[in-house]
Protein chains: 2
Amino acid sequence: MELAGSVVRQLQKIVGNTYVTIEKEELVCYSFDATGRSFLPQAVVFPQNSDQVSKIFCLATDKGFNVVPRGSGSGMTGGAVPVEGGVVVCTSRLNKIIEIDSKNLIARVEPGVILQDIHKAVEKRGLFYPPDPASSAVCTIGGNVGECAGGPRAVKYGVTRDYVIGLKAVLPSGEIIQTGVATAKGVAGYDLTRLIIGSEGTLAFVTQITLKLLPKPEKVKTLAVLFDSIGKAADTVSAVMRKAVLPRCVEFMDEASLNLVKNYFPFALPDNIKALIIIELDGEADIIERDAKIINDFCIGVGALDVIVARDENEALGLWAGRKALSPVLFKIACNKINEDIVVPIDKIPDMVKITQKIQKESGLKVVSFGHAGDGNIHCNIMYNQADKEESKQAQKAVDELFDATLNLGGTITGEHGVGITKMKYLPKEIGSKQIEIMKGIKKVFDPLNILNPGKIF
Amino acid sequence: MELAGSVVRQLQKIVGNTYVTIEKEELVCYSFDATGRSFLPQAVVFPQNSDQVSKIFCLATDKGFNVVPRGSGSGMTGGAVPVEGGVVVCTSRLNKIIEIDSKNLIARVEPGVILQDIHKAVEKRGLFYPPDPASSAVCTIGGNVGECAGGPRAVKYGVTRDYVIGLKAVLPSGEIIQTGVATAKGVAGYDLTRLIIGSEGTLAFVTQITLKLLPKPEKVKTLAVLFDSIGKAADTVSAVMRKAVLPRCVEFMDEASLNLVKNYFPFALPDNIKALIIIELDGEADIIERDAKIINDFCIGVGALDVIVARDENEALGLWAGRKALSPVLFKIACNKINEDIVVPIDKIPDMVKITQKIQKESGLKVVSFGHAGDGNIHCNIMYNQADKEESKQAQKAVDELFDATLNLGGTITGEHGVGITKMKYLPKEIGSKQIEIMKGIKKVFDPLNILNPGKIF
């Protein structure tokens, strides 16, 4: 359904003529995210400040259209996709780093800032913002807040919710609130900050984010550990995580992953390699040298083929190159993927690896597993051809089995991608109908007219 | 109003005859908390499991009485006090450490476990649960969850919300939910776990808590730094926190505090002492030796009178003895205190110290300041005699001024004690009426009949 001309004109009046898009060719670009699922918006608008966002909501309330927040569209579960139509409100012009306060170790940023730019800006000041999803070169901090993004460093440092201490947000009513604090602590009233984090853009439109920062670690050390058996690799992850040494990253890649990206590594992979783990340590130089040696000796002791230690930052980037390239390269195997970011207790990783192997065998589909093994968060990719009915059926069955097994092992169906539209039907299995009823009640408190990103999560 | 005999009998049927108290002398013991405010409950019951709690709620719904959760009653803002009457439901029999899973670094505990017992149990396994409010020897983990407790170690390690990953909780309807995860990550649906944390027992009755644990730090080093000027001490805290060295505690005591507890320290305080800071480091032995030296040299360099370094755990306990004794000893000054746990940005601590001095001068009341200076969280105690009308008026005026100044400096009126009943009237100043409206809406979703801990927060 097209927006009425008068509504388009009012949107233009709010954000300026240039910043309203209604041409179909352009709308298509804002119709999908990394899931590949596509729903055409009625318009895309690009506000520059909270007041403009507020006015858009007032108009939406008045005229009855939906508002769908969007960052870079790199989400994995359809969070930014206008599944029930409406106006996509893109944060690309809400893109200022407002303040980096090194005295108080905080930063204030707008939601459209690219994560990598935050990393660079704070590191230049000797500070550190830990969350680092693999998409950091393109994803926005606003999207990170929406989904509660994680990334490899979550093993040691936690996820987005652990670093966001305050939010400025526009409610669907158009009212603007300022949640949380600009201090290290704060407990005044219910925790609306963390309620909005991970709410997948369904409760409020975030227009400013206050981040807690850390001092930048003195040194980083990266190791690649090669295995001739996936079981050995899984056992090693599980064992390493029980040592007093706490790496900042423990990333895992299975044989199928390695076959896809072997040319990205700066060294030749041996023929008998079945799995690779990247372990990254940070902290004081002396200590990480000591810990690197402990991990090296441990890995060799349990039968690793080899441990390759990066000698400098460039070599470290080389070790990471294969891992970072993985997600897009998957499409070499098949034209569709179902990417699930399940999490299991760390000591259940070996069980989970066996289960994915079984699913691969029984479904006849390629299942590629990699990810943040250090916190039990495995990205399990089921590759298939959507046009092939039998493959689609098998893929769906594989997902069902994967989620059932995950929940049986005491895990969760999503560690950092959110529920969006792709996991809606599985959510009740994990959290039950009463919690969903409460969540729907909360949604109604924030958004009684259901105009903000409807059709998501539940 | 007394409970009907039939209701008492039904409560007895649910928890057992021994575990229902209606004798006035006993009810008095459950009528107050650390604020000294007292409201008599109609009964006190001691359930032993979630099912019994559920049945109590079903009865409350049916008969229309309030349910007020209570741990040890050590809260600072009246969270556990039955201000609108009702049945106090005490967690003292929900007191099991169910599981310490050292493979996955988690523990599952019931809400009535004393915090210190959790510390001891996990440390025996080489693990670590950081939050440590000064009341750790008496407070319960359930109370900690209710208020989102902090403590000295929050400087480095964060607060209760950073370590609680899942909850089992009974809703006011009697239904039982299981929020969050048992894994390192999880984002399935809205974050009900962190919504319940810090909700001061107004949304759900927590009956089981899943805690994230850390490996126990290799070594701890404690220093006491003595100053002849409160300004110098405040400047030093602010400067230390900007160094790459991140202590786990930076506790501050002003002259009035030191006068109260000087006999608790294992060393004589010099006559010209005006302030003392306890700095505690933890981590690898070599590194903390190095960092202790950096801090020692820095403090001497900025004009500290002396730096006393504990040589072992016993000496460290000695350095802490004065700090830990402070809260109860305050009543030597006056029979009533208003204890506010304001937080300001770290670089505003020197300003805050000046403001409290000004308030003390103008009000004619003794104002004693101490607390977690490392995260800007100062416990500011206004001492007065409630029976004296003029003193009461001055004390109230002092609180108003303190909160206004805190908010002006970009701070919050509560870092870890919560709002309860003592800060209700100040909450709108900090968070505004719209957020309160949303919080009330959320309360209604969880507790439509308003039977769970009514009359708190807003």
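Note that the structure is a prediction, hence the values are computed from the model and not measured.

Further remarks concern the overall build of chain A. Scanning chain A from N- to C-terminus turns up 14 helices and 18 strands. Along the longest, intermediate and shortest principal axes, the C-alpha atoms of chain A span 70 × 60 × 40 Å. Expressed as a percentage of its 458 residues, the buried residues of chain A come to 61%. Taking as baseline every contact in chain A between residues at least 6 positions apart, the subset at least 24 positions apart corresponds to 72%. Looking at chain A as shown, the accessible area adds up to about 17000 Å², and 50% of this sits on carbon and sulfur atoms. Counting 53 positive and 53 negative side-chain charges, chain A places the centres of these two groups 2 Å from one another.

Our next topic: the domain arrangement of chain A. Each domain of chain A was delimited in the assignment, giving domain 1 (5-90), domain 2 (97-215), domain 3 (219-327) and domain 4 (333-430). For domain 1 of chain A versus domain 3 of chain A, the separation of C-alpha centres amounts to 42 Å.

Of the two same-sequence chains, chain B is brought onto chain A (RMSD 0.0 Å, axial shift 0.0 Å) by a rotation of 180°. A rotation of that kind, with that shift, is consistent with a two-fold axis. A share of 100% of interface residues in chain B that are also interface residues in chain A marks the association as one of identical surfaces.

Let us now look at the nonpolar core. Judged by nonpolar contacts, the single largest core of 95 residues is most densely connected at I442(A), F446(A), I442(B) and F446(B). Leave out the neighbours within four places in its chain, and I442(A) touches L195(A), L203(A), Y190(B), L192(B), L195(B), V445(B) and F446(B).

Moving on: the environment of V44(B). Note on placement: V44(B) falls in strand β2 (residues 43-45). For the pair V44(B) and G71(B), spaced 27 residues apart in sequence, the C-alpha to C-alpha distance is 12 Å.

All names here are of chain B. Mapped onto the elements of the fold, V20 is located in strand β1 (residues 20-21). What makes V20 buried here is its relative accessible area of 11%. Separated by 294 residues in sequence, V20 and N314 place their C-alpha atoms 42 Å apart.

With that out of the way, let us pick up the pattern of salt bridges. Pairing between side chains of opposite charge can happen when their charged atoms approach one another. Counted under the stated rule, the structure contains 58 salt bridges over all chains. K156(A) serves as the salt-bridge partner of D282(A), at 2.7 Å between the closest nitrogen and oxygen. One end of the pair, D282(A), is in strand β14 (residues 275-283); the other, K156(A), is in helix α6 (residues 154-157), with 126 residues separating them in the sequence. Taking the shortest distance from any N to any O, the salt bridge between K434(A) and E175(B) comes out at 3.0 Å. Taken together, the positions of K434(A) in helix α14 (residues 427-446) and E175(B) in the loop between β8 (164-170) and β9 (176-180) put the pair across two chains. Taking relative accessible area as the criterion, K434(A) reaches 18% and is therefore assigned buried. Several salt bridges share partner residues, and in doing so they unite K156(A), R248(A), E280(A) and D282(A) into one network.

Residues and elements named next belong to chain A. Assignment of secondary structure puts S363 in helix α12 (residues 349-363). Of note is the side chain of S363, whose polar atom sits 2.8 Å from the backbone oxygen of I359. Polar side-chain contacts of S363 include one of 3.5 Å to the backbone oxygen of Q360.

Reports often express the size of an interface as the amount of accessible area lost when the parts come together. At the interface, 75 residues of chain B touch 75 residues of chain A. Summed over both sides, the interface of chain B with chain A buries roughly 5900 Å², with 64% coming from carbon and sulfur. When the area that chain B buries against chain A is broken down by residue, the three leading residues are K185(B), V187(B) and Y190(B), summing to 17%. Between R290(B) and E284(A) there is a salt bridge, with the nearest N and O atoms lying 2.7 Å from each other. Summed over the shared surface of chain B and chain A, the number is 24 residue pairs in polar contact (both at pLDDT 80 or more). Breaking the side of chain B that touches chain A down by element, the ones donating at least two residues are β9, α7 (192-196), α10 (285-301) and α14 (427-446) of chain B. Ranked by the residues each element gives to the side of chain B that touches chain A, the list is headed by α14(B), at 12 residues. Residues belonging to the side of chain B that touches chain A are distributed by class as follows: 33 nonpolar, 23 polar and 19 charged.

Next up on the list: the packing of helix α8 (residues 230-240) of chain B against helix α12 (residues 349-363) of chain B. Residue and element names in this part refer to chain B. It is the contact of α8 with α12, at a shortest axis distance of 8 Å, that shows an interaxial angle of 150°. Judged by the inter-axis angle, α8 sits roughly antiparallel to α12. For the pair α8 and α12, the crossing hand works out as right-handed. Of the residues in α12, those touching α8 at I230, A234, D235 and V237 are I349, P350, V353 and Q357.

Residue and element names in this part refer to chain B. Spanning 15 residues, α12 covers 21 Å between terminal C-alpha atoms, matching the ideal 21 Å at 1.5 Å per step. Looking only at α12, the buried set comprises I349, P350, M352, V353, T356, I359 and S363. In this structure, the buried side of α12 is in contact with α8, β13 (249-254), β16 (336-343), β17 (366-372), β18 (377-384) and α13 (389-408). Note on α12: the residue one or two positions beyond its end, G364, has a positive phi of about 75°.

All names here are of chain A. Between helix α1 (residues 5-15) and helix α3 (residues 50-63), whose axes approach to 9 Å, the crossing angle comes to 165°. The angle between α1 and α3 places the two elements in the roughly antiparallel class. Where α1 crosses over α3, the handedness of that crossing is right-handed. Every residue of α3 that contacts α1 at V7, Q10, L11, I14 and V15 is listed here: Q52, K55, I56, L59 and K63. Its residues placed into classes, the contact of α1 with α3 shows six nonpolar, two polar and two charged.

To continue, consider α14(B). In an α-helix, one full turn covers 3.6 residues, which means residues spaced three or four apart are oriented alike. With 20 residues, α14(B) extends only 21 Å from end C-alpha to end C-alpha; this falls clearly short of the ideal 28 Å at 1.5 Å per step. Of all the bends found along α14(B), the most pronounced is centred on S433(B) and spans about 80°. Among the residues making up α14(B), those that are buried are L427(B), E430(B), I431(B), K434(B), Q435(B), I436(B), I438(B), M439(B), G441(B), I442(B), K443(B) and F446(B). Of the surrounding secondary structure, the elements contacted by the buried residues of α14(B) are β9 (176-180), α7 (192-196) and α14 of chain A together with α7 and α13 of chain B.

The subject of this paragraph is the sheet that holds strand β15 (residues 306-309) of chain A. All names here are of chain A. With antiparallel pairing, seven strands are arranged side by side in an open sheet as β15-β12-β14-β13-β17-β18-β16. Only two strands of the sheet have a single partner each, and these edge strands are β15 and β16 (336-343). Across this sheet, the average inter-strand angle for adjacent strands is 20°, counted without regard to direction. Direction of pairing for strand β13 (residues 249-254) relative to β14: antiparallel, over a ladder of six bridges. Paired with D254 across the two strands is A275, which belongs to β14. In the packing of helix α8 (residues 230-240) onto the sheet, contacts are made with β12 (219-227), β13 and β14, and the angle to β14 comes to roughly 20°. Along the sheet, helix α11 (residues 313-329) makes contact with β12, β13, β14, β15, β16, β17 (366-372) and β18 (377-384), crossing β13 at roughly 55°.

This brings us to the pairing of β17(A). Regular strands place their side chains on alternate faces of the sheet. Residue and element names in this part refer to chain A. With six of its seven residues buried, β17 lies for the most part within the structure. Examined bridge by bridge, β13 and β17 share two bridges and lie antiparallel to one another. Among the inter-strand pairings, F252 is bridged to a residue of β17, identified as G371. The sheet contact formed by β17 and β18 spans seven bridges and is antiparallel. Each bridged residue has a counterpart across the sheet, and for V368 the counterpart in β18 is N381. What sits between the antiparallel neighbours β17 and β18 is a turn of four residues, in which G376 has the positive phi angle 75°.

Criteria and thresholds
- For every chain, the first residue of its written sequence is number 1, and the numbers climb from 1 along that sequence.
- Note on labels: chains are lettered from A, ligands numbered from 1, in written order.
- With pLDDT at 70 or above as the cut-off, local features in this predicted model cover only qualifying residues; side-chain atom pairs require 80 or more to be listed or tallied, and sums for whole chains, interfaces and linings still use all residues.
- In computing side-chain properties, one takes all heavy atoms of the structure into account and sets aside hydrogens as well as water.
- Secondary structure follows DSSP: runs of H or I at least 4 residues long count as helices, runs of E at least 2 residues long count as strands, and numbering of each begins at the N terminus.
- Three labels apply to residues, based on accessible area from a 1.4 Å probe with only protein chains included: buried if under 20% of the type maximum, exposed if over 50%, partly exposed otherwise in between.
- It only takes one pair of heavy atoms within 4.5 Å for two residues to be counted as in contact.
- For the accessible areas, the method is Shrake-Rupley and the probe is 1.4 Å, while residue cover comes only from the protein chains on display.
- Charge assignment: positive for Lys and Arg, negative for Asp and Glu; neither His nor the chain ends contribute.
- A single reference atom marks each charge: NZ on Lys, CZ on Arg, CG on Asp, CD on Glu.
- Throughout, the edges of the domains are those of an automatic or database domain assignment.
- In superposing the copies, a least-squares fit is computed on C-alpha atoms, taking residues whose pLDDT is at least 70 in both.
- By nonpolar core we mean a set of buried residues, namely Ala, Val, Leu, Ile, Met, Phe, Trp, Tyr and Cys, connected to one another through side-chain atoms within 4.5 Å.
- The rule for a salt bridge is simple: a side-chain nitrogen of Lys or Arg has to be within 4 Å of a carboxyl oxygen of Asp or Glu.
- Definition of a polar contact: a pair of N or O atoms within 3.5 Å, with one able to donate and the other able to accept a hydrogen when the atoms are protein atoms, and with sequence-neighbouring residues admitted only if both atoms are side-chain atoms.
- Buried area, as used here, totals the accessible surface that two parts lose on assembly, with accessibility defined by a 1.4 Å probe and the loss added over both.
- Residues are grouped as follows: Ala, Val, Leu, Ile, Met, Phe, Trp, Tyr, Cys and Pro are nonpolar; Asp, Glu, Lys and Arg are charged; all remaining types, including Gly, are polar.
- With axes taken as lines fitted to C-alpha atoms, and helix axes fitted only over the stretch in contact, angles between N-to-C directions fall between 0 and 180 degrees.
- To sort the angles, those under 35 degrees are grouped as roughly parallel, those over 145 as roughly antiparallel, those from 65 to 115 as roughly perpendicular, and the leftovers as oblique.
- We call a crossing left-handed when the near helix sits turned anticlockwise from the far one by less than a right angle, and right-handed when that turn is clockwise.
- A helix is expected to span 1.5 Å for every residue after the first.
- Bending is quantified residue by residue as the angle between axes fitted to the seven-residue window ending at that residue and the seven-residue window starting at it.
- If DSSP finds at least two bridges between two strands, the strands pair.

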